Amino acid sequence: MNKPTDQMHEDSELIEKLGGPANVARRLGFDMPGGTQRVQNWKYRGIPPLIRVTRPDVFGPAPKQRRSRAA
C-alpha cells in the first residue's frame, strides 16, 4: 500500500500554472467532481506519463528525459 505523502511533486507547479486541478480536469474532459480529486492527486504523485504524452494540447510537449551514461 502506498504511504501518504505531504511532499508535492514537481508537476504541482504545472497544474497550478494551468489554472489548478478543477480547470485541468475540465480541459481533460473528466467527470466532476471526481476529476478534480484525480488531478489534485497528481500534485503529489505526478501526472501519469500516458496522460502527459497523449494530451500535449493541455500539458505541452513532454519533458525530455535525461539519458544516463554508462561509466
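Please refer to the structure higher up on the page.
The structure reproduced in this document is the subject of the present report. As the structure is a prediction and not an experimental result, all values here were calculated from the model. (Residues numbered from 1 in each chain as written. Predicted model: local features only at pLDDT ≥ 70, side-chain atom pairs only at ≥ 80, totals over all residues. Heavy atoms only, no water.)

## Looking at the side chain of Arg-52
Here comes step 1: Locating Arg-52 in the fold gives a position in helix H4 (residues 49-54).
Here comes step 2: Within the local environment of Arg-52, its side chain forms a polar contact with the side chain of Asp-11, the two groups lying 2.9 Å apart. (Helix = DSSP H or I, 4+ residues; strand = E, 2+ residues; numbered from the N terminus. Polar contact = N/O pair within 3.5 Å; in protein donor to acceptor, adjacent residues only side chain to side chain.)

## A short note on unusual backbone geometry
Here comes step 1: Following Met-32, the chain continues into Pro-33 via a peptide bond in cis, with omega recorded as 0°.
Here comes step 2: Turning to its location among the elements, Pro-33 is positioned in the loop between helix H2 (21-28) and helix H3 (34-45).

## As for the pattern of salt bridges
Here comes step 1: Scanning all chains against the criterion turns up four salt bridges.
Here comes step 2: Of the charged contacts, one joins Lys-17 and Glu-13 as a salt bridge, the two residues approaching to 3.3 Å between their closest N and O atoms. Placement of both Lys-17 and Glu-13 in helix H1 (residues 11-17) is noted, with a separation of four residues, approximately one turn of the helix. Pair check on accessibility: Lys-17 and Glu-13 agree, each one exposed.
Here comes step 3: Of the charged contacts in the structure, one is a salt bridge between Glu-16 and Lys-43, with a shortest N-O distance of 2.7 Å. Taken together, the positions of Glu-16 in helix H1 and Lys-43 in helix H3 put the pair 27 residues apart, joining distant regions of the chain.
Here comes step 4: A relative accessible area of 9% places Lys-43 in the buried class. (Salt bridge = Lys/Arg side-chain N within 4 Å of Asp/Glu carboxyl O. Buried < 20%, exposed > 50% of the residue type's maximum accessible area, 1.4 Å probe, protein only.)

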